[in-house]
Each structure stands twice: as structure tokens, then as C-alpha cells.
Amino acid sequence: MMERVVDPLLTQKRGEASLSFAIGFAALLGFFAVAPFVVYPVFLMQVLCFALFACAFNLLIGYVGLVSFGHALYFGWASYFCAYTAKAWGWPPEAALLTGTAAAAVLGIVAGGVAIRRQGIYFAMITLALAQMMYLVALRVKMTGGEDGIQAVPRGRLFGTFDLANDMTMYVVVVIVVLAAFLLIYRIINSPFGEVLKAIRENELRTVSLGYTTERYKLVAFVLSATLAGLAGSLKALVFQLASLTDVHWTMSGDVVLMTLLGGLGTVFGPLVGALCIVAMQNYLAPFGQWVLVIQGVIFVVCVLLFRRGIVGELAHYLRVKL
Amino acid sequence: MFEIFGIPSQALFAQLLLGLINGSFYALLSLGLAVIFGMLNIINFTHGAQYMMGAFVAYMLLQYLGVNYWAALVVVPVLVGLLGILIERLLLQHLRKLDHLYGLILTFGLALIIEGLFRNYYGSSGQPYQVPEALRGGRNLGFMYLPNYRAWVIAASLVVCFATWYLIERTRLGSYLRAATENPTLVRAFGINVPRMVTLTYGFGVALAALAGVMAAPIYNVSPQMGSDLIIVVFAVVVIGGMGSIMGAIVTGFMLGIVEGLTKVFFPEASNTVIFAIMIIVLLLRPAGLFGRAA
């Protein structure tokens, strides 16, 4: 018997599960309400963007069992589209965000359509190769600005009224967008559609035999995940006023795997916690140069060997609740 | 001098040669990946880092101990292969009962550790490695100039590839190996030490990567990131060929190298994306890969 990617969590009544979610979400709201007065808001926004990215990734790896090793493709290219429309065409932030997100959705349809033709380990290699291809494209195309990226992207005024140049205003917008997307993901995984996804994760052949066209479900999940990753990338472009090659590089795809794994694959809150840990680590260890790479590698190895449930997964297991 | 499709033959053959060189490395690396995948069911993400280590250890041996290229060709694969065996014993063997994905993630983490360590000490700029004395210079073939070292790399990698193929497909040891891939429990029942075979197979696959690294050292600059970019292309090669057969891995590797070389002549701007584009086309037309068995 193969050990599953995600522990089939203890059977829990629906009411209890949503209660633990409500408590967790309230804690989250409280945290993000107090945090900007304690920590630098730009750091928090960075955490939020990566948290959304990791949640989007988790939708795929944790709930469908598909390992994409190329999610930087959607994150990075969405950030390019958002930055380009905001800067070169002077579009307002809401339009730029939507363009970036839509671009990621289109890329998700194309890449997902190709990648779901193979399963398992091949799926991971294909997504990685596709992302590398688009990285090389980004390196050459004029739109992306090559090595320079797109710098000094104007944040603009949201709906013509809220001036996002103010970090606090921007922060509120990021919190609202990310938490809304987070609720959307929670809704998706607890819908009948989400149940089919989990069935595919547990046993794809059996799901086929029950009459589900699993290919179509996998593609829809892939596109949803790519789109939300794109939303995260677009937000990031506005927050940092920058879209660069770092966001499309394979190391970014690795980062999001690490965040999700550390937080807990297939847990609702795991990716948030993982993103917080990794972003904090990258910020505080930045002066140590390449050691960040080594430490990240060590975290990967330790997580896989000793700690497969991740932080939130272990906590949930210990408390015997679903988180 | 003559022209083919409006391209001077010199340029064409020069790119073909470059394509064959790249193809040699694709073949050696995808061969190693296929051998490891067959026995361990793991996609060895560390393969690129192990190739880089091959080049670096050769460089360090020459720099600090004065060990020359020819000795490095033997010593380095053994050293790096032993390190691979250590990795298998200490880490990978614990993953045998887990989902594929954990093997990929663990080896990815290892690749980050190795690359990070080398970057710490050597920065990200490249170190030069001299072509060995005996292989300097080249010869004029009439239609093109052939540097000796490049001819040697192509010949040597062909020999290594086919020797590996022979070992696995035509010898008794190879038949044990293939049997253990199909049904390890049954092979163990016959009294064959399968776990040891798995360990040695991993060591062998890693040694192949290191050998490729030593051969690459005089051609490309020896740099910490030389492996990570290459390994992604090799993954695409593996997807195109499918990991079902050893011969498939070799043929696909050389073939794609040549295709890449030709693209450099006719559409230079597409040369580094052409392999990925071929991968997409193959996936659309023949999802199992050119030599793969349908899943």
C-alpha cells in the first residue's frame, strides 16, 4: 500500500469541521487586523501574496494529488501582464489585476490541457518544462523587459477613489482580496465538485468507473489553481511595483512547493503558515546569501523524511480536528 | 564550400556538431535518470547537481591536487557515485513505500543544498577547465573543422551509452535488474539482494551523471548552476522519449541534440525552446512518449 499524500483525516462531523474553520478564520482576521501595527505592512503584503499563491498550489497538490512543479509560470506571467497594463497602458489597478489573472487562466488552460495528458511523475516534469519554456520566452520578449523586468509600476487609484500608493490602503485591499480568495478556495474544496477532486486524489480509476470524466475535473482544478496563482502574482506586482524574472524562475516554483509542504499538504490553513515561515526566513536570512538555498533544501529533506504532515497537519493531528 | 538551403555548409556542420555534443549530454543524463527511475521509482532531481558536482570535483582535483583529466574521468564518477550511494542509504531508501512525489521533492531539496554550497564557495561565475593536452587542436575534414576534444566527447558518450545498454539488456546482471524492476518481491525470493542492487543502481546512475560532468568541464564553464538549467531540458527529453526503454533514452537524447543544433541554424531565436515545443507536440500526438509504453 502506498502511503497517501494527505492523511485521510479523522472522520469528523460537518458542523465540527466548519466550527474549527470558523475559529481558524477568526484568528486569521484578528492576526491581520493587529499585525500592521507591529510589523512592516509591505512584509505582511508579501506574506499574503505568497500565502494566496501557496493556497492556489495546495488546491492542486493537496486536493487533487497533482504535483505541478511549474506554478511560477502563472504567478510570474500574471505579474508581467498586470505590471505591463498598469505601466505601459496606464490601466487602473482593478483592470490590471483582472488582466493578469485572466492571462494566468488562459495559460492554465493551455498548459493544463497539455500536462494532464500524463500522470504522476511525468505530470510534474511536464509542468516544470513548460514553465522553463515560458521563462526563456520571458527572457527574450520585449514586453517583460528581460533582465530589468518591469520596474516602477504605478499602484494607481482603486476604482478611482482609493489611493494605493499609501501602504495601509494597499494593505487593506490585499487583505480583502486574499481572504476572499481564501474563502473561495474553502468553498471549492467543500463543494460537491471538491468531493470529486478528493475522490480523484484517492483513486482516479475508481472515480472513472463511477462515471466521472476525471480529465475534465482535473483540468478545471488546474485552471482554477493557475488563475488564483495569477491573482497572487498580479497583487505582488502592484505591492512591489515590480515584475521580474525571479517570479517566473523555477526557484519560485520550488518555493511554493516548500511553503505548502512545510505548512501541510491538503490542509486549509497550512499554506498560509508555510508562506509566513518561508517569507520570514527569506527576509531575515537574506544577508547570508546562498545559505538560504541550503537551508531551504534542508527544510525540504527534513519535511519529507520526518514531517510529512507539515506544521498545520501535525497540529490538526494532535488536536484531532480538521484545519 | 557549398550551401544547403542558403546556409553555408560550414555553419550547418558546426551547429550539427554542437547539437551532437549537447545530445551526448542529454543521452548520458536521461540514461541515468531512466536507470534510476526503473529501480527506485524516483525521478532523481539531484541529477543536475550531481552532473555539476562531477565537473566541480574534476576542477578541484586538478586545481588542488594536480589530478589530470584522464584520472578524473575514473576517479570522479567513483567519488560522486559513492556519495550517491550514501544518499540512497541515508535518505532515499526511506521513501520506498511513499508516493512518487516525495522522491521528487526530496531530491529537489538535495539539489538546492548542493547548488547552494557550491555557490557559497565559488560564486555563480564559471571556472575554466583546460582541454587535456592530448586532445587539443583539431582536424580539417574538408567540409568542416572538427576539434579533437569534441570528437572525443561524442565517441566516448556513445561508447558509454551502448555499454550501459549492453549491461542492462544483454547480461545476466542486467536481467536480474530488469526482473527486480518488474517484481522485486519475487526476485528477492530467489535469493538476490534487491536492496543492495537498488543502492548500486542509484550509485551507477549518479556516476553516469558525474562522468557527463567531467566531460562537460572543458566545454562549458564549470559553474554551480550548470546542472539546474540542463536538468530541466533533460526532463523534457525524458518526457519525449518515455522512460520505458534504455535505447529510447539514448536515441531521443542524441536526436533532440541534433534537432536543437539544426534549429540554431534555421531559427536561432527558437533554439533554446525547441525541445520544449517538441515535448508539447509529442504529448498531443503520442502522450506515452516516443518509446514509452502506455500507462
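Scope of this entry: the structure provided in the associated data block. (Residues numbered from 1 in each chain as written. Chains lettered and ligands numbered in written order. Predicted model: local features only at pLDDT ≥ 70, side-chain atom pairs only at ≥ 80, totals over all residues.)

1. A few points about the overall build of chain A
If you tally the helices and strands in chain A, you get 13 helices and 2 strands. Here the C-alpha radius of gyration of chain A, 19 Å, is about what a compact globule of 323 residues would show, namely 20 Å. Principal axes of the C-alpha set define a box for chain A whose edges measure 55 × 45 × 40 Å. With 323 residues in all, chain A has 52% of them scored as buried. For chain A, the share of sequence-separated contacts (at least 6 apart) that also reach a separation of at least 24 residues comes to 77%. (Helix = DSSP H or I, 4+ residues; strand = E, 2+ residues; numbered from the N terminus. Rg over C-alpha atoms; globule rule 2.2 N^0.38 Å. Buried ≥ 20, exposed ≤ 12 C-beta atoms within 10 Å, placed from the backbone. Contact = placed C-beta atoms within 7 Å.)

2. Considerations on the overall build of chain B
Scanning chain B from N- to C-terminus turns up 11 helices and 4 strands. Over its C-alpha trace chain B gives a radius of gyration of 19 Å, about what one expects of a compact globule, namely 19 Å for 295 residues. Counting every position in chain B, which comprises 295 residues, the buried fraction comes to 49%. Taking all contacts inside chain B whose residues are at least 6 apart in sequence as the whole, residues at least 24 apart take part in 76%.

3. Looking at the interface of chain A and chain B
Listed per partner, the contact involves 38 residues of chain A and 37 residues of chain B. Where the side of chain A that touches chain B is concerned, the elements lending two or more residues are helix 5 (120–140), helix 10 (250–263) and helix 12 (291–306) of chain A. The greatest single-element share of the side of chain A that touches chain B, amounting to 14 residues, is contributed by helix 5 of chain A.

4. Re helix 8 (residues 194–216) of chain B
With 23 residues, helix 8 of chain B should reach 33 Å at 1.5 Å per residue; the first-to-last C-alpha distance of 33 Å fits that figure. Burial runs high along helix 8 of chain B: 19 of the 23 residues are buried. (Expected span 1.5 Å × (residues − 1).)

5. Details of the packing of helix 10 of chain A against helix 13 (residues 310–319) of chain A
All names here are of chain A. It is at 3 Å that the axes of helix 10 and helix 13 come closest, and there the two elements cross at 15 degrees. Between helix 10 and helix 13, the angle is such that the two are roughly parallel. In this structure, helix 10 uses Leu261, Leu262 and Gly263 to contact helix 13, whose residues at the interface are Gly310, Ile311 and Val312. Among the residues making up the contact of helix 10 with helix 13, the classes are represented as 4 nonpolar, 2 polar and no charged. (Axes fitted to C-alpha atoms, helices over the stretch in contact; angles between N-to-C directions. Parallel < 35°, antiparallel > 145°, perpendicular 65-115°, else oblique. Nonpolar A, V, L, I, M, F, W, Y, C, P; charged D, E, K, R; others polar.)

6. Section: the packing of helix 7 (residues 192–202) of chain A against helix 9 (residues 214–240) of chain A
Residue and element names in this part refer to chain A. Close contact between helix 7 and helix 9 brings their axes to 10 Å; oriented N to C, the two are set at 110 degrees. One finds that helix 7 runs roughly perpendicular with respect to helix 9. Helix 9 is crossed by helix 7, and the crossing has left-handed handedness. Along the contact surface, helix 7 presents Val196, Leu197 and Ile200, while helix 9 presents Thr214, Tyr217, Lys218 and Ala221. The class makeup of the residues in the contact of helix 7 with helix 9 is 5 nonpolar, 1 polar and 1 charged. (Left-handed = near helix turned anticlockwise from the far one by under 90°.)

7. So, the environment of Met197 of chain B
Residues and elements named next belong to chain B. As for its placement among the helices and strands, Met197 is situated in helix 8. Owing to 19 C-beta atoms within 10 Å, Met197 belongs among the partly exposed residues under this scheme. When the C-alpha atoms of Met197 and Ala180 are compared, they prove to be 8.7 Å apart, with 17 residues separating the residues in sequence. With sequence-adjacent residues up to four places away left out, Met197 is seen in contact with Tyr176, Leu177, Ala180 and Ile192.

8. Let's talk about the environment of Met226 of chain B
Residue and element names in this part refer to chain B. Along the chain, Met226 falls in helix 9 (residues 226–241). C-alpha separation for the pair Met226 and Met53, spaced 173 residues apart in sequence, amounts to 9.6 Å. Those residues within four positions of Met226 in sequence are excluded, and the remaining contacts are Met52, Ala55 and Tyr220.

9. Structural notes on the environment of Thr161 of chain A
As for its placement among the helices and strands, Thr161 of chain A is situated in the loop between strand 1 (157–158) and strand 2 (162–163). Separated by 102 residues in sequence, Thr161 of chain A and Leu59 of chain A have C-alpha atoms that sit 34 Å apart.

10. Observations regarding the nonpolar core
With 209 residues, the main nonpolar core has Leu52, Phe53, Trp77, Met125 and Ala129 of chain A together with Ala236 and Met279 of chain B as its most contacted residues. Ranked by residue count, the leading element in this core is helix 2 (residues 41–61) of chain A, at 16 residues. When sequence neighbours within four positions are dropped, the list of residues in contact with Met125 of chain A reads Ile43, Phe235, Val238 and Val239 of chain B. (Core = buried A, V, L, I, M, F, W, Y, C linked by C-beta atoms within 7 Å.)

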